[in-house]
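Chain and residue survey
Take a look at the letters that make up each chain.
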Amino acid sequence: MNVNSAAARCGFEIVAGDEALTREITGVYCCDLLSFAMGRAPEGCAWITVMGNLNSVAVASLADVACVVLCDGVKPDAEMIKKAEQQDIALLCSELPAFETGKMIFDTL
């Protein structure tokens, strides 16, 4: 399932990444430690985190994830949104905790 369809089914807010919304999600990865996510997030996954800052976009780009989903009601700062748009990283927001966010995405795959 692509990012746009998963966001619609799960009721997540789409914040950035117009073209990236067509990327296919191949799995789910939940992690808030950026160094772990950089080395362990599988390519094409939906990365679930509470890290709503610029550094998360850099990690998402390096790991080549399908999207970043900020959970627990976290909203991205302006710098994060700008960088996500520049790098065409799909950025979504969920009000749910990490586990429930990840499970909802996993259930749509």
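Predicted model only: the values in this text are computed from it and were never measured.

**With respect to the overall build of the protein chain**
Counting its secondary structure elements, the protein chain contains 5 helices and 5 strands. Sequence-ordered secondary structure for the protein chain, helices as α and strands as β, is α-β-β-α-β-α-β-α-β-α. Compactness check: the protein chain gives a C-alpha radius of gyration of 12 Å against a globular reference of 13 Å for 109 residues, within 12% of the reference. Dimensions of the protein chain, computed from C-alpha atoms along their principal axes, come out at roughly 30 × 25 × 25 Å. Per-residue burial over the protein chain gives 46% buried out of 109 residues. Restricting the contact set of the protein chain to residue pairs at least 6 apart, pairs at least 24 apart contribute 48%. Counting every atom, the protein chain has about 5,300 Å² of accessible surface; 53% of that belongs to carbon and sulfur.

**Topic: the pairing of strand β2 (residues 27-30)**
Because side chains alternate across β2, one face comprises the buried residues G27 and Y29, and the other comprises V28 and C30, none of which is buried. Across 4 bridges, β2 lies against strand β3 (residues 45-49) in parallel orientation. Looking at β3, one finds that C30 is bridged to I48. Taken together, β2, helix α2 (residues 34-40) and β3 form a β-α-β motif whose crossover is right-handed.

**Observations concerning the nonpolar core**
Judged by nonpolar contacts, the single largest core of 21 residues is most densely connected at Y29, W47, V65, V68 and L91. For this core, the elements supplying multiple residues, two or more each, are β1 (13-16), α2, β3, α3 (54-63), β4 (67-70), α4 (78-87) and β5 (90-93). If one sorts the elements of this core by residue count, α3 sits on top with 4 residues. A7, C10, A46 and I48 belong to the second-largest nonpolar core, a separate cluster that totals 17 residues.

**Quick look at the packing of aromatic side chains**
Tallying each qualifying case throughout the model produces 0 aromatic pairs. Against the face of F36 rests R40, its NZ or CZ located 3.9 Å from the ring centre.

**Brief notes about unusual backbone geometry**
Excluding glycine, residues mostly carry a negative phi; peptide bonds, for their part, are mostly trans. Positive phi, normally seen in glycine, also occurs at D72, with a value near 60 degrees. Inspection of the secondary structure assignment puts D72 in the loop between β4 and α4. Phi angles above zero are rare outside glycine, and D88 is one such case at about 50 degrees. By relative accessible area, D88 is classed as partly exposed at 29%.

Definitions and limits used
- Residues numbered from 1 in each chain as written.
- Predicted model: local features only at pLDDT ≥ 70, side-chain atom pairs only at ≥ 80, totals over all residues.
- Heavy atoms only, no water.
- Helix = DSSP H or I, 4+ residues; strand = E, 2+ residues; numbered from the N terminus.
- Rg over C-alpha atoms; globule rule 2.2 N^0.38 Å.
- Buried < 20%, exposed > 50% of the residue type's maximum accessible area, 1.4 Å probe, protein only.
- Contact = heavy atoms within 4.5 Å.
- Areas by Shrake-Rupley, 256 points an atom, 1.4 Å probe, with all protein chains shown as cover.
- Pairing = 2+ DSSP bridges.
- Right-handed = clockwise from strand over helix to strand, strands pointing away.
- Core = buried A, V, L, I, M, F, W, Y, C linked by side-chain atoms within 4.5 Å.
- Phe/Tyr/Trp six-rings, centres within 6.5 Å; stacked < 30°, edge-to-face > 60°.
- Lys NZ or Arg CZ within 6 Å of the ring centre and 35° of its normal.

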